[in-house]
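Chain by chain, the residues:
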Amino acid sequence: MARLKEFNGRYCESDYENAFLSFLEDEGWQYLPGGSIPRASRREVLYADDMEQFLSNTNPDLAPEEIRQIIDTVRLAGAESDFATLHKVYGWMVNGIQFTPQDGLPRMVALIDFEKPENNIFRVVNQFTVEYTNNGQTETRRPDVLLFVNGMPLCVIELKNPADANATIYTAWEQINIRYWRDIPHLLHYCPLACISDGVKTRLGTVRTPYEHFYAWRRVDDGDKVSTLPFEEMQTMIKGVYSPRRFLEIFRDYIYFPDSEYDSDEREIVCRYPQFFAARLLKQSIIRSVVEKSGKGGTYFGATGCGKTYTMAFLARQLALRCTDVPQIGSPTIVMIVDRDDLQTQGAQLFTKSKEFLNLGEVRVVPSRKVLREELGARQSGGFYICTIQKFCDRKEDKIGLINDRANIICFSDEAHRTQLERARKIQFSKDADENMKAMVSRPYAKVLKEAFPQATFVGFTGTPIAETYQTFGDEIDRYTMDQAVADGLTVPIKYHPRIAKVLLDQEKVRLIEDYYKKCAEDGATAEDLAASKEAMSSMEVILGEPSRLERLAVDIHDHYVSSCANDPDRVQKAMVVCSSRPIAYELLRKFQERYPEWFVEKKAPDGMDVSDEELRELKPMPFMAMVASTGSNDQADMYRYLGGVKNEKRSEVLDAAFKQEKSNFHIAIVVDMWITGFDVPTLTYLYNDKPLKKHVLIQTISRVNRKYPGKEYGLIVDYRGLIEKLDTAMDLY
């Protein structure tokens, strides 16, 4: 153990610890050395004197013995597991603890005063020794810094000496996540938050956050520019997170636990700074919109992969609990609208497990418009409903009309750049109109929604906004770009590798097609018009689907993928091949089947992969490569059968689940439109593109490979279509 040094009454292991304490003092925390805190034993982790003082000041009607009874309840807290105890105690800290006085009725007693921060006692403590027993022998742990509020240690901070090359923030994380949970979990029962720092890197997380998801905090206030200098991380963190008022704001509403019944998963999340500021700013914008009756709550531009779904969750909690002073909102009803079934499933996986966090009552996926009408008609407030865009399709046999005219309905529109637009084109309701959607609106979406919810407020969330997004949802309220996400480590960088020369096309034919596309665009044609153009599409099919070209493409993809994976054989590296049409995708699949039949032998896991018996039971036999697409009524027989025929949707669901399983044998997916947007697979490393893409669709597609995964340094786009010019343009926009 390092020799303790005295700095103005503080006993520290390094100059850096002393500096950290001083900065916290500047923000309003009172310094107290751990050795001066009176405790019955060093196994105790509460500062009972502070808790007693706070409870006595805020509950003058309670007798001293009643105050001590409350303290004992907190001190002796327990549940089925250490994590469940943490979750339980956190609930007491945020919502209060139920107590029945000797001469009164049951009531909630606050352990923290969030409304008046000045009523709380904020202490920063170092050298706080905690005892534990190991094989009958008494041992100790001593966290570097603890932040106490009203006698409870709410945050543990581990500091590493900046001058010691062997001391890293990873070793700081290991101390909290491994050693403290193993040896002194009774301290962490009261300690949801964690911070790790070495002077250059300062990162925020929870006591259950994986190391790769500890992040810097780069803004102090709403209007601030993002701070990117590493040496500023510590001070920005202290001012942006640990000023007492801000600390209580984050502690109260921006720490997420799934519902208690899922405590066995041991998931606890604290917001990242873009989520915090986006939720705050959107809340203010929504309040203005509701009061002014504009219907436009604003647009949030958040880079693909930055956690927009959690931003929605934090915002929903704010609207549910922190708008009681706005009578027009009260406790709102939130309707989350997505444009694909898989996004509905993805949203349901989070929100249906978050009833306690959202505080809106019922959370459910809405199966039909009839049910949506009934649900909204049966309540005047509360409720969180998730539905797909087809609930608002204006079909001849079922005119949608009014669903509900309450003013406290807030509509969250996910991926708001796609179909949730003022100028949505007319597309008939059809089973095979699109690989990803069962339906699209036949009249402008904004108009249909306004008829359904004439008094509602609409909020757009997108990673790739376009002009119409702002027309429907209002001004951009906050933004978080792809470059910022990479700089913050939320996503990995995307590298670009052109290989068009490997599968050369007839460039004269390509030029003719590109000229045709350009002329159509200049004449005002939309992507839907182009897709419907038999002249353009049939010509493009001939060029891209030429058999010898597909042969070269299959060989090049195979050779590149195999050699790339060989460079890091212990890491799971999945790939996606994006084709321009389903017939071409199927013909390419057949080329792979002819040349590499071993890729189509169904197995649960690849040969040589370390898989436990339990993991094997969860896996299904799968080919190494498969095509994922919907079926069409005029599909050729062999492709129709391969895609599952009438069981196509079930087949796609099975493949979706397998591709997301790290150890499944299914490693390479051939797709057209499915999975290229809103599809999260952290192991997805390579995207082989053979499809014309541009603007927001291009950004959405390449972003499939930007998710973080241990050992994954970047995602790679291997381009066979010459996208570089369009990619540069799109990157400038987003």
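Conventions and cut-offs
Residues numbered from 1 in each chain as written. Predicted model: local features only at pLDDT ≥ 70, side-chain atom pairs only at ≥ 80, totals over all residues. Heavy atoms only, no water. Pairing = 2+ DSSP bridges. Helix = DSSP H or I, 4+ residues; strand = E, 2+ residues; numbered from the N terminus. Axes fitted to C-alpha atoms, helices over the stretch in contact; angles between N-to-C directions. Contact = heavy atoms within 4.5 Å. Core = buried A, V, L, I, M, F, W, Y, C linked by side-chain atoms within 4.5 Å. Buried < 20%, exposed > 50% of the residue type's maximum accessible area, 1.4 Å probe, protein only. pLDDT = per-residue confidence, 0-100. Salt bridge = Lys/Arg side-chain N within 4 Å of Asp/Glu carboxyl O.

1. Some points on the sheet that holds strand E12 (residues 202-206)
And then number 1: On the basis of which strands lie adjacent, the open sheet formed by six strands has the order E3-E6-E9-E10-E11-E12 and mixed pairing. For this open sheet the edge positions go to strand E3 (30-33) and E12, each flanked by a neighbour on one side alone. Taken over all neighbouring pairs, the strand axes of this sheet differ in orientation by 25° on average, direction set aside.
And then number 2: Two strands pair when backbone bridges link them, and strand E10 (residues 152-159) and strand E11 (residues 193-197) are joined in this way by five bridges, in the parallel orientation. Residue pairing across strands places cysteine 155 opposite leucine 193, the latter belonging to E11.
And then number 3: Lying on the sheet, helix H5 (residues 169-183) is in contact with E10, E11 and E12; it crosses E11 at an angle near 150°.
And then number 4: Strands strand E6 (122-126), strand E9 (145-149), E10 and E11 of the sheet are contacted by helix H8 (residues 244-253), whose axis makes an angle of about 105° with E10.

2. A closer look at the nonpolar core
And then number 1: Of all hydrophobic cores here, the largest spans 154 residues; its most connected members are Tyr242, Phe251, Phe412 and Trp675.
And then number 2: Among the elements that make up this core, the one with the highest residue count is helix H9 (residues 273-292) (nine residues).
And then number 3: When near neighbours in sequence (up to four residues on either side) are disregarded, phenylalanine 251 contacts Tyr90, Met93, Val94, Ile112, Phe114, Leu154, Pro192 and Leu193.
And then number 4: The next biggest cluster of nonpolar side chains, apart from the first, holds 34 residues, and it includes Ile557, Trp599, Met639 and Val672.

3. With respect to the pairing of strand E15 (residues 296-302)
And then number 1: Within E15, six of the seven residues are buried, leaving the element largely enclosed by the surrounding structure.
And then number 2: Examined bridge by bridge, E15 and strand E20 (residues 457-462) share five bridges and lie parallel to one another. In the strand pairing of E20, threonine 299 is matched with glycine 460.
And then number 3: In terms of strand pairing, E15 meets strand E21 (residues 476-480) through four bridges, oriented parallel. The residue bridging tyrosine 300 from the neighbouring strand is aspartate 478, located in E21.

4. A closer look at the confidence of the model for the protein chain
And then number 1: Averaged over all residues, the pLDDT of the protein chain equals 85, while 84% of them reach at least 70.
And then number 2: Within the model, pLDDT remains below 50 along residues 419-442, and this stretch shows 74 contacts once partners closer than five positions in the same chain are excluded.

5. A short note on the pattern of salt bridges
Pairs may arise between side chains of opposite charge once their charged atoms sit close together.
And then number 1: By the definition in use, this model includes 37 salt bridges.
And then number 2: One salt bridge in this structure joins glutamate 131 and arginine 42, with 3.4 Å as the shortest N-O distance. One end of the pair, glutamate 131, is in strand E7 (residues 130-134); the other, arginine 42, is in the loop between E3 and helix H2 (48-58), with 89 residues separating them in the sequence.
And then number 3: In this structure, arginine 590 engages aspartate 638 in a salt bridge whose closest nitrogen and oxygen atoms are separated by 3.5 Å. Taken as a pair, arginine 590 in helix H21 (residues 582-595) and aspartate 638 in helix H23 (residues 637-642) lie far apart in primary sequence, 48 residues in all.
And then number 4: Accessibility expressed as a relative area gives 31% for arginine 590, which makes it partly exposed.
And then number 5: One network of salt bridges, in which partners are shared, links Asp221, Asp222, Arg246, Glu249 and Arg280.

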